[in-house]
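Commentary on secondary and tertiary structure
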Amino acid sequence: MSDVQFNPSARNSSGKPAGIGAVIFLILFATPFAGFGLFAAIQGVRKIIAGQIKDGAILCLFGLFFSTVGFGLMAGAIFGRKKSKQTAELQARFADKPWMLRADWADGKIKSSTANRFKIYLFMGIAFSGIGGVSTVFALPEVWQKHNYPALIVLLFPLVGIGFLIAFINAWRSRKRFGDCFFELAQIPIPIGSVLEGMIQTGEPLRLENELHLKFSCVRRVTTGSGKNRSTQEKVLWQDEKIYLPQAALNQTGTGTGIPVHFKLPADQPQSFTSGDESVFWRLEARSKLTGPDFHAAFDTPVFNVAGAAMADEDDVDPTAALQAPIDEVRREEHSRIRVTDGPNGREFYFPAARNIGSAIFTTVLAAVFSGGAILMHHFHVPLIFPVFVGFFGFILIFIAFSLWFKSSRVTINSSGVRAENGYLIFRHVREFAVGDVAQFALKTGMTSGTKVFSDIKLIKRDDGDSFAANKEKFQQTGQLPPLKFKIDDPSGITVASSITSAMEAKWLAQEMNKALGRDAKKASAIL
């Protein structure tokens, strides 16, 4: 695999261990923090012994904070160099097998990335509640007496700390209830275009009360900017979802529960890799709402181009089919407002306006915040570029919110052709296509909100489909997608329905449209 571009260490892309000079520099940089922390802590203890409780407590608190930072940086430098040397040795040994660089991938047993969140929540909760809380207790009386009410913003620190502590309690309860969760792979690595098979194992028995949602996603992460302007964005390139019934017969073991997993991977998505500020990873998630803490596990899986690997067959039987909820039950459970009827004009698919109330409200609030921010900036004579920039995003959000509230779509398919109608309040736009001019209906990833992906259905004309196939062949991937400005995963076509919340329902709708058109329904089984 000469095209492998995976690198687990973004800081050390050359494969060489960090130099001793860098370690010495970091230790010297950390020394003042550690020294000041020790000095402040000693002085604080002396003041407390002398009866100056207030001043001594503050000094001890700041001493603890600075010494923790200083000695933490020193330990990180020393252990980081040791880890870097081990990584460099593995890179040299497994140059053509990058999945061997991660111990859990090499073992085929991946621990859930949500497992250690409670530790992070606890640390952040103690930090904010301790430093912010103590400072607030000592400063609040003086602030209140001087009527310096804007200074009450310091109350945000203990409030944030309490929020982290609540999150810690929930995460700790979840860990105690379900134990350690692992995903055991059936094959290592998972070849692009093949099948993800394996078993999610919980440390304690899992008793479903509601549906179990399984999602498998290919996510592209790009970091831009530097310093305070540094930001990271994630875009879901592909996603598939399965929903298991509450009464699904999961594999119950003596100490836990086994959840079988089976997903077919597309052949036209990138492999796992990290290169500088860009990376692609494949994430498996399992969620279920329960009384008490909900069940949630997430796993980063090794997906790579493997020469000679067997590709998934469209006719392969899904061994988890018996566990999955029927589409009618899924639509009923999710209160789908999309209507599918058979009438004199053919099969009709109606997508009413305001069917995604939560998304519409959230987008409307965001639009109001951005637009109001732009107006305030202009009112206070902020340099013009800032209100223009913020206002531009506000305008886009207003348009999206308007579409979510007022756009409806209707697709009618019969033996002679396709009629696609989009409406905004009293305005209508109708397009008609002859059956011979339509290649298929296909799914496309639409807007995303975190890990939530909305699907669009596109009508692909025959000429568009041929052009897309030619571009895909011309720009064969080598582990990465082409530049963002040219996306071969976005074929030209006409969007006939958008913002479908359920991946299963979107897939079913596209399949039903292809059936009504007389096309192969399996062509719409994956999001483009």
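Residues numbered from 1 in each chain as written. Predicted model: local features only at pLDDT ≥ 70, side-chain atom pairs only at ≥ 80, totals over all residues. Heavy atoms only, no water.

1. Quick notes on the sheet that holds strand β14 (residues 346–351)
Within a sheet, neighbouring strands are paired by backbone hydrogen bonds and run either parallel or antiparallel to one another. Stated precisely, the cut-off is as follows: Two strands pair if DSSP finds at least two bridges between them. A run of H or I in DSSP counts as a helix once it spans at least four residues, and a run of E counts as a strand once it spans at least two, with each numbered from the N terminus. Note on geometry: axes are lines fitted to C-alpha atoms, helical ones only across the stretch in contact, with angles between N-to-C directions running from 0 to 180 degrees. Any two residues whose heavy atoms approach within 4.5 Å at even a single point are treated as in contact.
Ordered by their spatial adjacency, five strands build an open sheet running β13-β14-β15-β16-β17, and the pairing between neighbours is antiparallel. On the outer flanks of this sheet lie β13 (339–343) and β17 (427–434), each paired with one strand and no other. This sheet shows a mean twist of 15° between the axes of neighbouring strands, independent of strand direction. When strand β15 (residues 407–413) meets strand β16 (residues 417–424), the two strands line up antiparallel, connected through seven bridges. Looking across to β16, one finds that V411 is bridged to A420. Running at roughly 55° to β15, helix α8 (residues 385–406) makes contact with β15 and β16 of the sheet. Here helix α10 (residues 503–517) sits on the sheet and contacts β13, β14, β15 and β16; the angle it forms with β14, its principal contact strand, is near 155°.

2. What about the nonpolar core?
Here is the rule we go by: Side-chain atoms within 4.5 Å link the members of a nonpolar core, which is a set of buried Ala, Val, Leu, Ile, Met, Phe, Trp, Tyr and Cys residues. The cut-offs for exposure are 20% and 50% of the maximum accessible area for each residue type, with area from a 1.4 Å probe on protein chains only; residues under the lower value are buried, those over the upper are exposed, and the others partly exposed.
Core analysis: the biggest nonpolar cluster contains 68 residues, and L196 and F295 have the highest contact counts within it. If one sorts the elements of this core by residue count, α10 sits on top with seven residues. The contact partners of L196, leaving out residues within four places of it in the chain, are F183, L185, I190, F216, V261, H262, F263, L265 and L284.

3. Some thoughts on the pairing of β13
With five bridges connecting them, β13 and β14 associate as antiparallel partners. Paired with G343 across the bridge in β14 is G346. Hairpin geometry of β13 and β14 is characterised by an intervening segment of two residues between the two adjacent antiparallel strands.

4. Remarks on the environment of P189
Looking at the element boundaries, P189 is found in the loop between β2 (182–185) and β3 (190–191). Those residues in contact with P189 that sit more than four places away from it in its chain are W99, P302, F304 and V306.

5. Some details on the packing of helix α7 (residues 357–379) against α8
Threshold: By the definition adopted for this analysis, an angle is roughly parallel if under 35 degrees, roughly antiparallel if over 145, roughly perpendicular if from 65 to 115, and oblique otherwise. Crossings are assigned a handedness: left-handed for a near helix turned anticlockwise from the far helix by less than a right angle, right-handed for a clockwise turn.
Two numbers describe how α7 lies on α8: the axes approach to 8 Å, and their chain directions differ by 155°. Looking at the two axes, α7 sits roughly antiparallel to α8. Relative to α8, α7 is oriented so that their crossing is left-handed.

6. Remarks on the pairing of β2
Two faces make up the sheet, and in a regular strand the side chains alternate between them. The side-chain alternation of β2 yields one buried face, formed by F183 and L185, and one unburied face, formed by F182 and E184. Sheet analysis places strand β1 (residues 109–111) next to β2, joined by three bridges and oriented antiparallel. Directly across from I110, in β2, lies its bridge partner F183. As paired elements, β2 and strand β4 (residues 195–201) share four bridges and run antiparallel to each other.

7. Observations concerning a negative patch on the surface
The following threshold applies: Each patch is built from residues lacking any salt bridge and having more than 30% relative accessible area; the joining distance is 9 Å for like charges and 5 Å for nonpolar side chains (Val, Leu, Ile, Met, Phe, Trp, Tyr). Using a 1.4 Å probe, the Shrake-Rupley method yields the accessible areas, and only the shown protein chains count as cover for residues. For salt bridges, the criterion is a side-chain nitrogen of Lys or Arg within 4 Å of an Asp or Glu carboxyl oxygen. Two residue types count as positive, namely Lys and Arg, and two as negative, namely Asp and Glu; His and chain ends fall outside the count. In this description, the location of a charge corresponds to atom NZ of lysine, CZ of arginine, CG of aspartate or CD of glutamate.
A cluster of acidic residues, E197, D313, E314, D316 and D520, forms a negative patch at the surface. Within the secondary structure, E314 is located in the loop between β12 (303–304) and α6 (327–333).

8. A short note on the side chain of E505
Examined against the element boundaries, E505 turns out to sit in helix α10. If near-sequence neighbours (up to four positions away) are discounted, E505 is found in contact with I327, R331, S336, I338 and I500.

9. Brief notes about the packing of aromatic side chains
Let me state the cut-off plainly: A pair of aromatic rings is counted whenever rings of Phe, Tyr or Trp (Trp by its six-membered ring) have centres within 6.5 Å, and the orientation is called stacked for planes under 30 degrees apart, edge-to-face for over 60 and tilted otherwise. We call a charge positioned above a ring when the Lys NZ or Arg CZ atom is no farther than 6 Å from the ring centre and deviates by at most 35 degrees from the ring normal.
Scanning all chains against the criterion turns up 16 aromatic pairs. Geometrically, the ring pair formed by F183 and F299 is tilted, given 5.9 Å between the ring centres and 45° between the ring planes. Residue F183 is located in strand β2, and its partner F299 is located in strand β11 (residues 295–301); the two are separated by 116 residues in the primary sequence. Each member of the pair F183 and F299 is classed as buried. For the pair F370 and F393, a centre-to-centre distance of 6.5 Å together with 45° between the ring planes defines the contact as tilted. Highlighted residues: F370 in helix α7 and F393 in helix α8, separated in sequence by 23 residues. Under the relative-accessibility criterion, F370 is labelled partly exposed at 30%. Classification of F393 by relative accessible area gives partly exposed; the value is 35%. Cluster of aromatic residues (ring-pair linked, three or more members): F29, F33, F36 and F66. The positively charged end of K109 is found above the aromatic ring belonging to F182, 4.8 Å away from the centroid. Over the ring of F263 we find K242, and its NZ or CZ is 5.0 Å from the ring centre.

10. Some points on the sheet that holds β4
Strand order across the open sheet formed by five strands is β1-β2-β4-β8-β7, with antiparallel pairing between neighbours. Whereas interior strands pair on both sides, the edge strands pair on one side only; in this sheet they are β1 and β7 (251–252).

11. Here we look at α10
Selection rule: The span one expects for a helix is its residue count, reduced by one, times 1.5 Å. Here a polar contact is taken to be a pair of N or O atoms separated by no more than 3.5 Å, where protein atoms must pair a possible hydrogen donor with a possible acceptor and residues adjacent in sequence count only if both atoms sit in side chains.
Taking 1.5 Å of rise per residue, the 15 residues of α10 would be expected to cover 21 Å, and the 21 Å separating its terminal C-alpha atoms lies within 8% of that figure. Burial analysis of α10 places twelve of its 15 residues in the buried class, the great majority of the element. Taken together, the buried positions of α10 are A503, M504, E505, A506, K507, W508, L509, A510, E512, M513, N514 and L517. Sitting at the head of α10, S502 places a side-chain oxygen 3.4 Å from the backbone nitrogen of M504.

12. Some details on unusual backbone geometry
Excluding glycine, most residues fall at negative phi; most peptide bonds, likewise, are trans. The omega angle of the peptide bond from I188 to P189 is -10°, so this bond is cis rather than trans. The phi torsion at H335 lies on the positive side, around 55°, for a residue other than glycine. Take H335: it is sitting in the loop between α6 and β13. By relative accessible area, H335 is classed as exposed at 66%. A positive phi angle, close to 55°, is found at S499, a residue other than glycine. Locating S499 in the fold gives a position in strand β20 (residues 494–500).

13. Some points on the confidence of the model for the protein chain
Atom-level detail of predicted coordinates should not be read off regions where pLDDT is low. This is how it is decided: Predictor confidence is given residue by residue as pLDDT, running from a minimum of 0 to a maximum of 100.
Averaged over all residues, the pLDDT of the protein chain equals 79, while 81% of them reach at least 70. Model confidence for the protein chain, summarised as mean pLDDT per element, is weakest for helix α9 (residues 462–474) at 56 and strongest for β14 at 94. Contacts for the low-pLDDT stretch residues 1–15, under 50 throughout, to residues beyond four places or in other chains number 33 contacts. When the criterion is pLDDT under 50, residues 474–490 qualifies, and its contacts beyond four places in sequence or with other chains add up to 38 contacts.

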